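Summary of the model geometry
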Amino acid sequence: MLETIRQTLHDLVEFNTPSLIPAEQRPLFTQNWPEVETAFKDAIATITKNHAGLVLNLKQAGMAGPMLEMKSKSLQRCVDGLYREVQTSSPIFSLKWLKPTSKCMNTIIGSLLRTVPGLEVAKEYKDHFEVAVDALEAAKSE
């Protein structure tokens with residue numbers, strides 16, 4: 001799931017037909033991406049190690065068993081809808097799937113923040129991406 005979130009954020013920031021974020025902010029997102037990508041990769045490596053203490057903490061955070069399956073399926077449905085929307089929409093569109101996808105990402109990253117160190121920067125990046133999208137949408141409606 002973290003790999004899906006990582007790839008989706010990267011793709012959304014890089015998407016430019018039309019750009020989802022203000023042009024003047026794209027360099028800032030690009031500049032900060034390596035740190036964010038490292039945070040995701042480190043978190044994935046930590047989870048992959050699968051040590052006993054982590055397994056218990058993941059279970060307590062709702063990141064195991066049926067709760068993990070629910071989160072995984074929700075994320076995949078939202079991400080699929082978002083990619084479909086971005087790939088098939090005209091230059092003037094509303095991102096109906098962005099908010100549910102973002103909420104789903106928030107629940108997953110939020111659960112992992114308590115158990116896997118280093119994801120704070122990834123969450124902040126995702127949150128600021130949402131702000132940039134909202135700012136661009138607000139500017140279009142002025």
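In this report, the structure presented in the accompanying data block is examined. Nothing here was measured: the structure is a model prediction, and the numbers come from that model.

**Structural notes on the nonpolar core**
Ile5, Phe40, Leu112, Leu119 and Phe129 are the most contacted members of the largest nonpolar core, which totals 35 residues. Within the residue set of this core, elements represented by two or more residues are helix 1 (2–14), helix 2 (26–49), helix 3 (52–60), helix 4 (65–88), helix 5 (98–113) and helix 6 (120–140). Ranked by residue count, the leading element in this core is helix 5, at six residues.

**Quick notes on the packing of aromatic side chains**
Applying the stated rule across the entire model yields three aromatic pairs. Look at Phe29 and Phe129: their rings are 6.4 Å apart centre to centre, the planes differ by 85°, and that puts the pair in the edge-to-face class. Within this pair, whereas Phe29 is found in helix 2, its partner Phe129 is found in helix 6, the two being separated by 100 residues in sequence. Across the pair, Phe129 and Phe29 agree in class, each one buried. Measuring from centroid to centroid gives 5.4 Å for Trp33 and Tyr125, while their planes differ by 55°, and the two rings are tilted. Note that Trp33 is positioned in helix 2 and Tyr125 in helix 6, a separation of 92 residues in sequence. Assigned by exposure class, Trp33 and Tyr125 land together as buried. Here the aromatic residues Phe29, Trp33, Tyr125 and Phe129 are joined through ring pairs into a cluster of three or more.

**Remarks on the state of the cysteines**
As used in these notes, a disulfide is a covalent bond between sulfur atoms, one from each of two cysteines. In total, this model carries zero disulfides according to the counting rule given. For Cys104, which is in no disulfide, the shortest distance to another cysteine sulfur is to Cys78 and amounts to 5.0 Å.

**Some thoughts on the packing of helix 4 against helix 5**
Taken N-terminus to C-terminus, the directions of helix 4 and helix 5 make an angle of 145°; their axes are 9 Å apart at the nearest point. The two elements helix 4 and helix 5 meet at a crossing, and its hand is left-handed. Here Lys71, Ser74, Leu75, Cys78, Val79, Leu82 and Glu85 of helix 4 come into contact with helix 5, specifically with Leu98, Pro100, Thr101, Cys104, Met105, Thr107, Ile108 and Ser111. Along the lines of polarity and charge, the residues of the contact of helix 4 with helix 5 split into nine nonpolar, four polar and two charged.

**What about the side chain of Arg6?**
Secondary-structure assignment places Arg6 in helix 1. When its relative accessible area of 8% is taken as the criterion, Arg6 is described as buried. Reaching out from Arg6, the side chain makes a polar contact with the side chain of Glu3 at a distance of 2.7 Å. Leave out the neighbours within four places in its chain, and Arg6 touches Trp33, Glu37 and Phe40.

**Side note on the packing of helix 5 against helix 6**
The geometry of helix 5 relative to helix 6 is characterised by a closest axis approach of 10 Å and an angle of 165° between their N-to-C directions. Taken as axis vectors, helix 5 and helix 6 run roughly antiparallel relative to one another. In the packing of helix 5 onto helix 6, the handedness of the crossing is left-handed. The segment helix 5 lies against helix 6, with Leu98, Lys99, Ser102, Met105, Asn106, Ile109 and Leu113 engaging Glu120, Lys123, Lys126, Asp127, Phe129, Glu130, Val133 and Asp134. Here the contact of helix 5 with helix 6 is composed, by residue class, of six nonpolar, two polar and seven charged.

Rules used throughout
Here the residue numbering is sequential within each chain, running from 1 through the sequence in written order. Local features in this predicted model are restricted to residues of pLDDT 70 or higher, and side-chain atom pairs are both shown and tallied only at a pLDDT of 80 or more, whereas totals for entire chains, interfaces and linings draw on every residue. Water and hydrogen atoms were dropped before computing side-chain values, which therefore reflect all heavy atoms in the structure. Only buried Ala, Val, Leu, Ile, Met, Phe, Trp, Tyr and Cys residues count toward a nonpolar core, and they belong to the same one when joined by side-chain atoms within 4.5 Å. Burial status follows relative accessibility: with a 1.4 Å probe on protein chains alone, a residue under 20% of its type maximum counts as buried, one over 50% as exposed, and anything between as partly exposed. Helix numbers and strand numbers start at the N terminus; a helix is a DSSP run of H or I with at least 4 residues, a strand a run of E with at least 2. Aromatic rings from Phe, Tyr and Trp, taking only the six-membered ring of Trp, are treated as a pair when their centres fall within 6.5 Å; an angle between ring planes under 30 degrees marks them as stacked, one over 60 as edge-to-face, and anything in between as tilted. The term disulfide is used for any two cysteine sulfur atoms that are within 2.5 Å. Helix axes are fitted to C-alpha atoms over the stretch in contact, other axes to C-alpha atoms as well, and angles between N-to-C directions run from 0 to 180 degrees. Left-handed is the label given to a crossing in which the near helix is rotated counterclockwise from the far helix by less than a right angle, and right-handed is the label when the rotation is clockwise. Residue contacts follow a heavy-atom distance rule, with two residues in contact if any of their heavy atoms lie within 4.5 Å. Classification convention: Asp, Glu, Lys, Arg as charged; Ala, Val, Leu, Ile, Met, Phe, Trp, Tyr, Cys, Pro as nonpolar; all other residues, Gly among them, as polar. Under the rule applied, a polar contact is a pair of N or O atoms within 3.5 Å (in protein, one hydrogen donor and one hydrogen acceptor; residues adjacent in sequence only if both atoms are side-chain atoms). Small angles under 35 degrees read as roughly parallel and large ones over 145 as roughly antiparallel, with 65 to 115 read as roughly perpendicular and the rest as oblique.

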